[in-house]
Amino acid sequence: MSLTQIGPHHYLILAAALFAMGALGVVLRRNALIVLMSIELMLNAVNLTFLTFSRFPLVPRSPMQGGFLSGHAAVFFVIAVAAAEAAVGLAIVIAVFRSRISVNVDEFDSLKH
Amino acid sequence: MAETILFYVFALGVLFAGFQVVWQRNPLHAALSLVAAFFFLAGIYVLLSAHLIAVLQVMVYAGAVMVLFVFVIMLLNLKDEELGQTTFTAWKVIGSSAIVITLAVAGFTIHTTLSKVYVGPVRDLAREQAVGGFGGLKAVGSALYLHSVLPFEITSLLLLVAIVGAVIVAKGKI
């Protein structure tokens, strides 16, 4: 790996860093909205990994029928699922906010007791 | 050479904006940083010659998902005191340093593993399949419609369920 010749290593390490940042947000932040945003960051890191391996494949032939571009198809599905997740997640945040007047995830502990 | 410079610009942008998402106290600032992160990521996707996905990223994430986030932030209208103070507890310090250490180990592992796995010249499909329009609308569309028709249709069903579910969950009385 050289610093000037951009290869798969660079993209994958960037994806790992982005995923770690998202994980950090999910673990550290108490605001439910920011937790959801951090989940979006993690999903994007996964997309980046898919696209990297789709462009720089490791195996001579793709095990999928669609060829190596099925990685792009997988990213398409992840984007659709992420949009659905954001919609439902935010709806849950609104519903919880209505009863608790708070978005602090530490206060959402009814299932704990 | 242009690719190298663009990669570092976009990568630093993604990392800085992602850090701001996690760091900002005000959710609106975090949401705007998230828009920036999505735009920089779209640039990275273009560098990976995933043109269709880059356009979708801007349209779906930077457009639709962000509007949803900003709209909910406005709707909740959180007061400054409800946001709480940024606190540093021992667990936070331990957790974040654990994640940073894990990231360092993961980066090192990725590097060593890839150096073993990618032996010889790395195959670059963007160059090999440039004639077929790698990552463009036509190539991805045929991969999607010829070989993943069923998942594609199920996705439409999933979006329908998500729309109905979001309305039912968020609405107090039906």
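Preceding this section is the structure that the text describes.
Residues numbered from 1 in each chain as written. Chains lettered and ligands numbered in written order. Predicted model: local features only at pLDDT ≥ 70, side-chain atom pairs only at ≥ 80, totals over all residues. Heavy atoms only, no water.

Colleague: I'd like a description of the nonpolar core, backed by residues and values.
Modeller: Counting 70 residues, the largest nonpolar core has Tyr11 and Leu48 of chain A together with Ile44 and Leu76 of chain B as its most contacted members. In contact with leucine 48 of chain A, other than residues within four places in its own chain, are Tyr11, Leu14 and Ala15 of chain A together with Leu41, Ile44, Tyr45 and Leu48 of chain B. Counting residues in hydrophobic clusters, the runner-up holds 6 residues, among them Ala20, Ala23, Leu24 and Leu28 of chain A. (Core = buried A, V, L, I, M, F, W, Y, C linked by side-chain atoms within 4.5 Å. Buried < 20%, exposed > 50% of the residue type's maximum accessible area, 1.4 Å probe, protein only. Contact = heavy atoms within 4.5 Å.)

Colleague: How would you sum up the interface of chain B and chain A? Please name residues and give values.
Modeller: Where the parts come together, the accessible area they lose is often given as the size of the interface. Of the residues lining the interface, 78 residues belong to chain B; the matching set on chain A comes to 74 residues. Summed over the three residues of chain B that lose the most area to chain A, namely Val22, Leu48 and Phe69 of chain B, the buried surface amounts to 9% of that side. On the surface where chain B and chain A come into contact, there are 1 salt bridge. Aspartate 124 of chain B is the partner of arginine 55 of chain A in a salt bridge, and the nearest nitrogen-oxygen pair spans 2.7 Å. Our count for the contact surface shared by chain B and chain A stands at 7 residue pairs in polar contact (both at pLDDT 80 or more). Residue assignment for the side of chain B that touches chain A shows that the elements contributing at least two residues are α1 (2-23), α2 (27-47), α3 (51-76), α4 (90-117), α5 (125-128), α6 (137-147) and α7 (149-170) of chain B. Across the side of chain B that touches chain A, the residue classes tally to 56 nonpolar, 15 polar and 7 charged. (Buried area = accessible area lost by both parts, 1.4 Å probe. Salt bridge = Lys/Arg side-chain N within 4 Å of Asp/Glu carboxyl O. Polar contact = N/O pair within 3.5 Å; in protein donor to acceptor, adjacent residues only side chain to side chain. Helix = DSSP H or I, 4+ residues; strand = E, 2+ residues; numbered from the N terminus. Nonpolar A, V, L, I, M, F, W, Y, C, P; charged D, E, K, R; others polar.)

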